[in-house]
Amino acid sequence: MNLSFIFSLLFAVTLGTAEIQLQQLLGKWQLVYFDGIERVKKSPQYQSSDSAMRANIEYKIKSRLENTVYDFIPGDSLLYTDYENSIIVMKKAKIELKKDNVLTIFDGKEMREAKILELDADRMVLEPVSSNPNGGGKLIFERVIEKEKE
């Protein structure tokens with residue numbers, strides 16, 4: 001076998017399993033897609049609901065996507081939007097990046113984990129770690145490019 005081919009294959013495998021560093025996450029990320037949305041739209045409840053109910057669900061989905069932003073700040077912190085009683089609030093949490101690119105978010109007494117499946121300069125794909133077989137799903141974020149103020 002060609003030695004350069006073996007080296008290229010080994011390099012690609014090593015690159016694919018490289019550990020992500022916290023500094024790669026820094027900045028704002030906007031949620032643009034969650035595959036759980038597809039499960040909702042395919043559910044019997046959604047399929048059998050009237051047009052007003054569907055419009056309400058669509059509005060909530062759109063609002064959730066537009067208002068879910070993760071802002072990773074230097075150090076070990078995350079500012080993020082969340083909903084409390086249907087009101088958008090900003091929260092701050094500590095984060096830790098563990099082995100196998102598992103992101104742990106510590107928010108008070110609550111701890112959540114998500115595996116970072118993909119990360120490049122413009123796109124991040126997270127998969128929440130859940131014991132519930134229906135609770136997971138991929139969340140796709142795109143980096144928010146801040147416009148410079150004139």
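Everything in this summary refers to the structure shown in the same document. A quick note: this is a predicted structure, and the numbers were derived from the prediction, not measured.

Some points on the nonpolar core
- Residues Tyr70, Phe72, Leu103, Leu126 and Phe141 are the most contacted members of the largest nonpolar core, which totals 22 residues.
- Examining the composition of this core, we find that 3 residues originate from one element, strand β4 (residues 87-98), more than from any other.

Section: the sheet that holds strand β2 (residues 69-73)
- A barrel is described by the order of its strands in space; here 8 strands give the closed sequence β1-β2-β3-β4-β5-β6-β7-β8, paired in antiparallel fashion. Across this sheet, the average inter-strand angle for adjacent strands is 35°, counted without regard to direction.
- As paired strands, strand β6 (residues 110-119) and strand β7 (residues 123-128) are joined by 5 bridges and run antiparallel to one another. Across the sheet, Lys115 pairs through a bridge with Glu127, a residue of β7.
- With respect to the sheet, helix α4 (residues 51-67) is in contact with β1 (27-34), β2, β3 (77-84) and β4, its orientation differing from that of β1 by roughly 155°.

Some words on the packing of aromatic side chains
- Summed over the entire model, instances satisfying the criterion amount to 3 aromatic pairs.
- Between the aromatic rings of Tyr70 and Phe72, the centroid separation amounts to 6.3 Å while the plane-to-plane angle is 75°, which identifies the pairing as edge-to-face.
- Using a relative accessible area of 13% as the deciding quantity, one classes Tyr70 as buried.
- When the centroid spacing of 6.1 Å and the interplanar angle of 70° are considered together, the rings of Tyr70 and Tyr80 count as edge-to-face. One end of the pair, Tyr70, is in strand β2; the other, Tyr80, is in strand β3, and 10 residues separate them in sequence.

Structural notes on α4
- Here α4 is 17 residues long and its end C-alpha atoms lie 24 Å apart, about the 24 Å a rise of 1.5 Å per residue gives.
- All of the buried residues along α4 are Ile61, Ser63 and Leu65.
- The secondary structure elements touched by the buried residues of α4 are β1, α2 (36-42) and β3.
- The opening residue of α4, the one whose side-chain oxygen lies 3.2 Å from the backbone nitrogen of Ala52, is Asp50.

Points about the pattern of salt bridges
- For the structure shown, the criterion picks out 9 salt bridges.
- For Lys91, the salt bridge is made with Asp82, and the minimal N-O distance between the two is 3.3 Å.
- Judged by its relative accessible area of 19%, Asp82 is buried.
- Between Glu84 and Lys91 there is a salt bridge, with its nearest N and O atoms 3.1 Å apart.
- The class for Glu84 is partly exposed, based on a relative accessible area of 38%.
- Where salt bridges share partners, they join Asp82, Glu84, Lys91 and Asp107 into one cluster.

What counts, and where the lines are drawn
Throughout this description, residue numbers start from 1 for each chain and increase along the sequence as written. For a predicted model such as this one, the threshold for reporting local features is a pLDDT of at least 70, and the threshold for listing and counting side-chain atom pairs is 80 or more; totals across whole chains, interfaces and linings nevertheless cover every residue. For the side-chain quantities, the full set of heavy atoms in the structure was used; hydrogens and water were omitted. By nonpolar core we mean a set of buried residues, namely Ala, Val, Leu, Ile, Met, Phe, Trp, Tyr and Cys, connected to one another through side-chain atoms within 4.5 Å. Burial classes follow relative accessibility: with a 1.4 Å probe on protein chains only, a residue under 20% of its type's maximum area counts as buried, one over 50% as exposed, and anything between as partly exposed. The helix count covers DSSP runs of H or I at least four residues long, the strand count covers runs of E at least two residues long, and both are numbered beginning at the N terminus. Here a strand pair is declared whenever DSSP counts at least two bridges between the two strands. Lines fitted to C-alpha atoms define the axes here, with helix axes fitted over just the stretch in contact, and angles between the N-to-C directions of these axes take values from 0 to 180 degrees. Contacts are assigned to residue pairs with any non-hydrogen atoms lying within 4.5 Å of each other. Planes of paired rings set the category: under 30 degrees apart is stacked, over 60 is edge-to-face and the rest tilted, where pairs are Phe, Tyr or Trp rings (Trp by its six-membered ring) whose centres lie within 6.5 Å. The span expected for a helix works out to 1.5 Å for each residue beyond the first. Polar contact is defined as a pair of N or O atoms within 3.5 Å, subject to the rule that within protein one atom must be able to donate a hydrogen and the other to accept it, and that residues adjacent in sequence are counted only when both atoms are side-chain atoms. Note on definitions: salt bridges are taken to be side-chain nitrogens of Lys or Arg within 4 Å of carboxyl oxygens of Asp or Glu.

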